[in-house]
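What follows is the residue order along each chain.
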Amino acid sequence: MSKCASKGPSPRPKLEATHPGGGEMRGGKDYVTNVLVVGVGGQGVILASDILSEVAMRSGLDVKKSEVHGMAQRGGIVTSHVRFGKKVNSPLIPKGGAHLLLSFELAEAVRWIGFLAPGGKAIVNVQKVVPPIVSTGVASYPEDAEHILRNMVQGPILVNGLEIAEELGNPRLVNTILLGVTSRLLALPEKIWRKVVEERVPRAFKELNLRAFDRGRSLL
Amino acid sequence: MKEILSGNEAVARGAYESGVKVASAYPGTPSTEILQNLAKYEGVYAEWAPNEKVAFEVGIGASMAGVRALVAMKHVGLNVAADPFMTFAYTGVNAGFLLACADDPGMHSSQNEQDNRFFARFAMVPLFEPSDSQEAKDMVRIALEVSEEYDTPSMLRLTTRVSHAKGIVRLGKPVDVASRAFARDRKKFVMIPAYARIRHPLVLERVNKLKALSERTPLNRIEWGKTSVGIITSGVSYLYAKEVLPEASFLKLGMTFPLPERKIRRFASRVKRVIVIEELEPFLEEQIRAMGISVEGKEYFPRIDEFSPDIVEDGLIKAKVIRKPRVSKSHLQVPQTASLPRPPVMCAGCPHRSLFYALNQLKGLVLSDIGCYTLSVLPPLEAIDSCICMGASISMAHGVAKAIEKAKLDEKRPVFAAIGDSTFLHSGVTSLMDVAYNKGNVKVVILDNRTTGMTGGQDHPGTGRTLQGEETNQVDIQKLAESLGITRVRVVDPYDLNGTIQTLKEEVAFQGPSVIITNRPCMMLLKFDPSLVHRVDPELCEGCGTCLRLGCPAIVPGEKIPPKKEGGKVRYKAEIDPTLCRGCTVCEQVCKQGAISKAQA
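What this report covers is the structure whose coordinates are included nearby. (Residues numbered from 1 in each chain as written. Chains lettered and ligands numbered in written order. Predicted model: local features only at pLDDT ≥ 70, side-chain atom pairs only at ≥ 80, totals over all residues.)

Our next topic: the overall build of chain B. Looking only at helices and strands, chain B has 20 helices and 22 strands in total. The C-alpha atoms of chain B give 27 Å as radius of gyration, which agrees with the globular expectation for 601 residues (25 Å, within 12%). Dimensions of chain B, computed from the C-alpha atoms along their principal axes, are close to 80 × 65 × 55 Å. For chain B, the residues scored as buried account for 54% of the 601 residues in total. (Helix = DSSP H or I, 4+ residues; strand = E, 2+ residues; numbered from the N terminus. Rg over C-alpha atoms; globule rule 2.2 N^0.38 Å. Buried ≥ 20, exposed ≤ 12 C-beta atoms within 10 Å, placed from the backbone.)

Glancing now at the nonpolar core. In terms of nonpolar packing, the biggest core is built from 239 residues, with Leu101(A), Ala23(B), Ala25(B) and Leu156(B) touching the most fellow members. For Leu101(A), the contacting residues outside a window of four places in its chain are Leu36(A), Ala109(A), Trp112(A), Ile113(A), Phe115(A), Leu116(A), Gly120(A) and Ala122(A). (Core = buried A, V, L, I, M, F, W, Y, C linked by C-beta atoms within 7 Å. Contact = placed C-beta atoms within 7 Å.)

Residue and element names in this part refer to chain A. With 13 residues, helix α9 (residues 206–218) ought to run about 18 Å at 1.5 Å a step, and its terminal C-alpha atoms sit 18 Å apart, in line with that. Turning to α9, its buried residues number three or more, namely Asn209, Ala212, Phe213, Gly216 and Arg217. Projected down its long axis, α9 shows its buried positions confined to an angular sector of 140°, all on one face. The inward-facing, buried residues of α9 abut α6 (161–168), α7 (174–185) and α8 (190–200). (Expected span 1.5 Å × (residues − 1). Arc of directions from axis to C-beta.)

Right, let's talk about unusual backbone geometry for a bit. Here the amide bond leading from Thr29(B) into Pro30(B) is cis, since omega sits at 10°, within 30 degrees of zero. As for its placement among the helices and strands, Pro30(B) is situated in the loop between β2 (20–25) and α2 (33–38).

Next up on the list: the sheet that holds strand β10 (residues 226–234) of chain B. Residue and element names in this part refer to chain B. Pairing in this open sheet of 4 strands is mixed, and the strands run β9-β11-β10-β13 from one edge to the other. In this open sheet, the two strands that pair with only one neighbour each are β9 (220–223) and β13 (273–277). Put simply, the sheet's adjacent strands are angled 20° from each other on average, direction ignored. Relative to β13, β10 runs parallel, the two being bridged by 5 bridges. Along β13, the bridge assignment pairs threonine 233 with isoleucine 277. (Pairing = 2+ DSSP bridges. Axes fitted to C-alpha atoms, helices over the stretch in contact; angles between N-to-C directions.)

Attention shifts here to the pairing of strand β7 (residues 154–159) of chain B. Residue and element names in this part refer to chain B. Burial within β7 is extensive, with 6 of its 6 residues counted as buried. Alternating residues of β7 divide into Ser154, Leu156 and Leu158 and Met155, Arg157 and Thr159, and every residue in both groups is buried. Pairing of strand β5 (residues 97–103) with β7 involves 6 bridges; the strand directions are parallel. Residue pairing in the sheet places leucine 98 in a bridge with serine 154 of β7. Of the strand pairs in this sheet, strand β6 (residues 127–128) and β7 are connected by 2 bridges, and their pairing is parallel. Note that in β7 the partner of leucine 127 across the bridge is methionine 155. In terms of handedness, the path from β6 via helix α7 (residues 133–149) over to β7 forms a crossover that is right-handed. (Right-handed = clockwise from strand over helix to strand, strands pointing away.)

As a further point, take the environment of Lys40(B). When you line up the elements, Lys40(B) lands in the loop between α2 and β3 (45–48). On a C-alpha basis, the gap between Lys40(B) and Glu471(B) in space is 17 Å, while along the polypeptide they are 431 residues apart.

All names here are of chain B. Most of helix α15 (residues 351–362) is tucked away, with 9 of its 12 residues classed as buried. All of the buried residues in α15 are Pro351, His352, Arg353, Ser354, Leu355, Phe356, Tyr357, Ala358 and Leu359. Contact partners of the buried residues in α15: β14 (365–367), β15 (415–420), β16 (443–447), α19 (497–509), β18 (514–518) and α20 (586–590).

This is the structure:
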């Protein structure tokens, strides 16, 4: 891990969220890390959280993850709770217990920010997905979303995933770029990350995805 | 070997490892993935049945024939399959039979949140409640063994947070279960009253034997901790409680019908207070109280919605077991103005959108059904008046029309039923038969999108493909309606807005039943074709908002048009997102300025 980190432009920032007291989350190395992955149906939230869970399992940790299917596919809100550590009970993260919020969409980051633990980190793709309810004038998109994030979280990591993905030649790489950023904040071996990313993306796009992953890593 | 599996994947794996040979289901969130995954295992026959009752009966047949069977459904699916279930509980099995049934507390994707544990008690069959994926897999095997040993169907009750949560599961090798001979035992399987009277006492006797099992099974285990509070819990609630109050004593129930009375007594006698933590109904709590044991529970924990660690924590605070939340929940308060509603919507290019847009022009009463099209109740379409259960649209519309006719109600609006193809084949056929048979005056719209859309696109008897994707016979819905006695069956292209409205008008003018079938497939089945993408000409668009009111996710407000006079309304020119537009042309048809056309000339 340290070897890989030295490639980055800056020392690896550690995820120093306070671990909420009580239960399995108490104490030392045995604590459970909580990552809340959010976005909108069709953005690839589920695949990203699947990859994260797999990396955690192959790193020798217990993992639980929970999400809701069905109606979510129709442009609705998607959340995936990922928890890993020595022993995980609940598949859901308690409010105020997420050490990391990974959001694929700007307004969704604001919606779920309350799940962050004190001192928790947020990685936010600044892309906006505007629902039809805004088009018909029933609701409005929170224009100050970025401002709210900056006010509420210390140093939110804002990523223009789409711009970078297009630079790399494929808008569908947003996912992998964000996972690259995420990998810098979690104490899971880079080697395993790369292996799982390689396995989970279509074969023809393997190289491109690894490039996107590295690009994500280089952002922190 | 370890793998991360969802609860549903684990059930499928468990069935495969336990030698299940026949499985049948009708898709329904959150149960759908059980069969989808079971179909991948070699040596297992898995099928989509037209409905849950059929699926259940296929399973009974397989069990009678001598091989282990699994049937899967969502909670409300068991209402449909209740008929075979209740009597199969009398006959018992030949080879093992497992009903895997997934409740949906919180109604993520359901019309109610009934607690199906009562069904097991109602039918008097053993009930198993896993907490996570590993338990789900293990309990499939145990439940099948219990089924054979106690001559009973077994029930595995999942919930959304078990079915769709993932966890690490140790994989095992499939066991070789010897097939049995077909069970020709008429007094056991032919439930004429005389023979059913023989079976009923056996059912009661069986419950007593299962009670003894419930006392000794390690699935019902005591985890001693502090004795100031003893928690009795099951399913996913166990995990939440364990997280919030790990130091307490626990009676973790994996087999929840029949209950282990002696074990519960022993547990209760050793702790100061007993608190039951269970989602939905006080199923355990009331039975334990009926044993004369003093318990607390629903006075602290809600009877509605799904649980979470936070809800369990709140309940324990109310119960004064813990004093304050483990984590401050107040450090991050999101301003109300920042919350953006994001209701699920019909996809761009969805053929349902234009059909309901057309129906709205006829200003009828629309009795609807269960599927993606139920989303038409939401703005901007607000097109339907009811949704109760699968197949209800047609029969309810028939009831409405008959009531109007018989009571001479002052109601001139035409009566429509709106139902999808999969739902129609599930349980709309008999309703349509009723309309034809009883000379109803209902206009039945069958939205034939060639798939089971809401659950993610499963095949059904009308698609011409099996669960495995093999080609097969395809129900001809048009001919089926005709053979039921509907003389007027029309097929419309829902993308042709005027044509659809015209056809609907003609059928409304006709006195008697009609069927109107829409013939555009679900967008999820089709490849994205960039040559069909449309665009708005900003020179021509006046920002009237008509296209925006279709509620298509591809049409978004773009450039601001300043109000014509001071204080007037700000308008926005429409824009089409080229990555979402599927080229259905409906917006082009409603645009009065002719501003919308294909992007590529």
